[in-house]
Amino acid sequence: MNDNTVSTFELGDALATRFGNTLTGVFVPGSKIALSAYRHVKWNSRDVPSETAGQDPVLIYLAQETTLFDEPVLRSLLAESNITFATLQELGQRAPRAEYLRISHMYRSVVRASLERLEHAKKSPEVQMDEERQQRISETVIVFYAAECLWHLFEILYMQQSQLIVPQLLDWARFYAPQIEDRATDFLLMAEEASENDDYWNVLKSLVMVGALDVTRAILRQNRKASQPAFKAAELILASMPVYKEGFPLKKFNSQWEHWHVDAERKIRANTFGSEPELEQILQLVTGSNEHWDAGIKESNEWYEFLPGYLFYTKPTCKPFELKIAAANWLNRWTLLRPCSQLNNMARMISQLMEHDLRLFIYDTQRINDTNWLTTHMIDLIYHSGELKSYFEQNNIDLPALRHSMIYEYGSYLMSTRSLWQLGIDYLDCCKQEGKAAMELLLPRISLRSDRHALKLMSVARKRGLIDVEQEICKVLSRQSFDDERYGNALEWGIRSKDVLLVTGIADFILKNYSQTGNMLCPDVIVHIKSRMFISPRLVFLSKYFEFYELYRSRDFLAAVELLVNLLNSKITPDYFWPSLLIDTVPLLESKDPKIFSNETVAILHHLETELVPIIERNTDKLGNQKNAETVFKDYRAENIDEILNILRLACARNLARSLVIENTSPES
């Protein structure tokens, strides 16, 4: 929680070093900055290539902010707080106050559980061997320890709305400074021998100053001198000290407390404890002696450490609004007694809470290195509970806009992190149009690990009406599958993306592969395309050609011929596939039992001369010779273009002769 200092860095490569390590940067998707060497050009210098231009490569470095949530142990904190956040959204703004307090407890319990897991992980052999990770976990513990401490204090002062705050402040102070009570436990176990310890009286004084009066009495009763009059008198004073309980008449309590206080001071002045000066100092603290409290303040680690204890002995009925003045006075007193001490961030934020300076407190919480986890969830809780509505109105703070901004930033951070994007969805859903726009930008940038992962992303996009995102994910999957040579998957995802160019490209690849090898790729996918083929003319051709291919293989020649002729007349045949399509007619044309009639034969010959031959001529003119044309128009069933043309013309002539004879021969009567 110490103030962050601005760190400096340099690229250090040869090119950057030559120009004084000046650099330039550009923001790129994923919260990264692309950095490279840069030669600064001033108004009086010419922007011309340097003498060493081109000698060294230009290296580009991607810089990305590291966050506490890079630690795997903290993933559970994000997931559990996400569940609590969703529960709060369901409650809305009209739930009973107790429900909002329960939500606050849930947030704190999530942080406490995560701190315990971090402490456990820190002791594991794996972390002990990794110095860098050990340091990161230590920093994380400090940050979330402070977050829980601040949230707990906020809960006491602003969520519970109780007029009895001193007992709760005592519990709060002791919980976050357990070292004193840990030492007291050791003394209790040591029994009478504890009084011989060098730290005995120092520990007792500290216990009194944190308000642990019951523990102090228990240790004193174990003292070897407990039966002496001074110790018995001290026990009587401590045992009879009035403790305020909510509901008890305030006037009556003040009267009792004042009587007790006067009686205790009278006994001290009467030198009842003169034989035990250390014991007398403890009683001086209990009665609020400024001299002795000043001595204790000088030994404290933080300004707020002994404040609840001091209020317990001097103003036990302190109200929340009175705490503001009491805390300010105590802080001034601590500063005067310890002029060399500086307040760290946490101490300053505790002061802001106690002095009701929430505006500055919220500002400082955003400086905690937790990617605004604390600020986002606390502001959201304040917004729903409505406890501090009047404060924000008086200070001209637009609470709904502040909440919207914090949730949007935090949700965007989660969405831009590979393993946390699902959590970010719930936060961005609260931001309406801005959140939807952010999801539209961030969802396609999530790296896809598997088809199942992609389906999950698409489901999220579909539920929110982000059709473009769904189609973009399909495009990415199609390209990935194509690169992995999973052409059926590539075609399927391409069709789902509704990208005409992408589907056309995949269909072209399948057709070209068939024309060159005779192997039809992904037949199981093509056969189930059906009505979806109309997304692309090339896909229509592929689907219909595959239908012809299946009819031919099943020897349904008449249906195959009809479909083949339709394809020839369809005007959607790609130029490179004309040789293959026309060669498919050869076995049918050469059949002894004619399958193609004269009109269809003429049509085939017409397509040969008006479609294939002009394409060959244009290609030959473009590439310069016939040999190059052969490389473009290639079929696994023919060696060269001339061979294709000769075979087709001869087959058409033979079939035309046979079909004309058969068609013009009258059947016998």
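Residues numbered from 1 in each chain as written. Predicted model: local features only at pLDDT ≥ 70, side-chain atom pairs only at ≥ 80, totals over all residues. Heavy atoms only, no water.

- The name given to the chain in an unreviewed UniProt entry is Nuclear pore complex protein Nup75, with Drosophila pseudoobscura pseudoobscura as the source organism.

### Comments concerning the overall build of the chain
1) Next: Along the backbone of the chain there are 34 helices and 3 strands.
2) Next: Put simply, the chain has 669 residues, and 46% of those count as buried.
3) Next: For the chain, the computed accessible surface area is about 35100 Å², with 51% contributed by carbon and sulfur atoms. (Helix = DSSP H or I, 4+ residues; strand = E, 2+ residues; numbered from the N terminus. Buried < 20%, exposed > 50% of the residue type's maximum accessible area, 1.4 Å probe, protein only. Areas by Shrake-Rupley, 256 points an atom, 1.4 Å probe, with all protein chains shown as cover.)

### Regarding the nonpolar core
1) Next: Formed by 123 residues in total, the largest nonpolar core has its most connected members in Phe144, Trp172, Trp303, Ile350, Met354 and Trp373.
2) Next: If you tally residues by element for this core, the top one is helix α5 (residues 131-159), at 15 residues.
3) Next: Leave out the neighbours within four places in its chain, and Met354 touches Leu153, Leu157, Trp172, Trp303, Leu307, Leu323, Lys324 and Ala327.
4) Next: With 57 residues, the next largest nonpolar core counts Leu491, Val525, Leu589 and Cys652 among its residues. (Core = buried A, V, L, I, M, F, W, Y, C linked by side-chain atoms within 4.5 Å. Contact = heavy atoms within 4.5 Å.)

### Structural notes on the pattern of salt bridges
1) Next: Within this structure, the stated rule accounts for 32 salt bridges.
2) Next: For the salt bridge of Lys225 with Glu276, the shortest nitrogen-to-oxygen distance reads 3.3 Å. Residue Lys225 is located in the loop between α9 (213-221) and α10 (229-239), and its partner Glu276 is located in the loop between α11 (250-269) and α12 (277-286); the two are separated by 51 residues in the primary sequence.
3) Next: Taking relative accessible area as the criterion, Lys225 reaches 36% and is therefore assigned partly exposed.
4) Next: Exposure remark for Glu276: the relative accessible area of 9% places this residue in the buried category.
5) Next: A salt bridge links Arg462 to Glu470; its shortest N-O distance comes to 3.0 Å. (Salt bridge = Lys/Arg side-chain N within 4 Å of Asp/Glu carboxyl O.)

### Observations regarding the packing of helix α24 (residues 467-483) against helix α26 (residues 500-517)
1) Next: Their axes nearest at 11 Å, the elements α24 and α26 cross at an angle of 20°. By the angle class used here, α24 and α26 are roughly parallel. Seen from above, α24 lies across α26 with left-handed handedness. Mapping the contact onto sequence places Lys475, Ser478, Arg479 and Phe482 in α24 and Leu502, Ile506 and Phe509 in α26. (Axes fitted to C-alpha atoms, helices over the stretch in contact; angles between N-to-C directions. Parallel < 35°, antiparallel > 145°, perpendicular 65-115°, else oblique. Left-handed = near helix turned anticlockwise from the far one by under 90°.)

### Remarks on the confidence of the model for the chain
1) Next: Across the chain, the average pLDDT comes to 85, with 90% of residues at 70 or higher.
2) Next: Contacts from residues 628-632, a stretch scored under 50 in pLDDT, to residues over four places away or in other chains number 9 contacts. (pLDDT = per-residue confidence, 0-100.)

### Let's talk about unusual backbone geometry
1) Next: At His356, a position not held by glycine, the phi torsion is positive, near 65°.
2) Next: Relative to the elements of secondary structure, His356 occurs in the loop between α16 (345-354) and α17 (358-365).
3) Next: Positive phi values are uncommon outside glycine, yet Lys530 reaches one of about 50°.
4) Next: By the secondary structure assignment, Lys530 is in the loop between α27 (523-526) and α28 (537-553).

### Thoughts on helix α22 (residues 432-442)
1) Next: Buried residues of α22: Gly435, Ala438, Met439 and Leu442, and no others. With its buried residues spanning 100° around the axis, α22 presents them on a single face. Turned more than 90 degrees away from the buried face of α22, the exposed residues are Gln433 and Leu441.
2) Next: Considering only its buried residues, α22 is in contact with α20 (399-415), α21 (421-428) and α24. (Arc of directions from axis to C-beta.)

### Let's talk about the packing of aromatic side chains
What describes a pair of aromatic rings is the distance from one ring centre to the other and the angle between the planes of the rings.
1) Next: The full count for this structure, using the stated rule, is 36 aromatic pairs.
2) Next: Seen from their ring centres, Trp172 and Tyr304 are 5.8 Å apart, and the 45° between their planes marks the pair as tilted. Within this pair, whereas Trp172 is found in helix α6 (residues 166-175), its partner Tyr304 is found in the loop between α13 (290-299) and α14 (307-314), the two being separated by 132 residues in sequence. As far as burial versus exposure is concerned, Trp172 and Tyr304 are alike and both buried.
3) Next: One aromatic cluster is present, built from ring pairs that chain together Tyr514, Phe541, Tyr545, Phe546, Phe548, Tyr549, Tyr552, Phe557, Tyr576 and Phe577.
4) Next: Its end group placed over the ring of Tyr310, Arg333 keeps NZ or CZ at 5.1 Å from the ring centre. (Phe/Tyr/Trp six-rings, centres within 6.5 Å; stacked < 30°, edge-to-face > 60°. Lys NZ or Arg CZ within 6 Å of the ring centre and 35° of its normal.)

### Quick notes on the side chain of Ser478
1) Next: Inspection of the secondary structure assignment puts Ser478 in helix α24.
2) Next: Residue Ser478 is classed as buried on the basis of its relative accessible area of 0%.
3) Next: Reaching out from Ser478, the side chain makes a polar contact with the backbone oxygen of Ala490 at a distance of 2.7 Å.
4) Next: Not counting chain neighbours up to four residues away, the residues in contact with Ser478 comprise Ala490, Trp493, Gly494, Leu502 and Ile506. (Polar contact = N/O pair within 3.5 Å; in protein donor to acceptor, adjacent residues only side chain to side chain.)

### A few points about helix α25 (residues 487-497)
1) Next: Counting buried positions along α25 yields 8 of 11 residues, so the element is predominantly enclosed.
2) Next: If you check which residues of α25 are buried, you get Tyr487, Gly488, Ala490, Leu491, Trp493, Gly494, Ile495 and Ser497.
3) Next: Buried residues in α25 make contact with α23 (451-463), α24, α26, α27 and α28.
4) Next: Where α25 terminates, the next one or two residues include Lys498, which has phi positive at roughly 60°.

### Side note on a positive patch on the surface
1) Next: There is a patch of like positive charges on the surface, built from Arg418, Arg449, Arg452 and Lys456.
2) Next: On the secondary structure map, Arg449 appears in the loop between α22 and α23. (Patch = residues over 30% accessible without salt bridge, like charges linked within 9 Å, V, L, I, M, F, W, Y side chains within 5 Å. Lys, Arg positive; Asp, Glu negative; His and termini not counted. Charge placed at Lys NZ, Arg CZ, Asp CG, Glu CD.)

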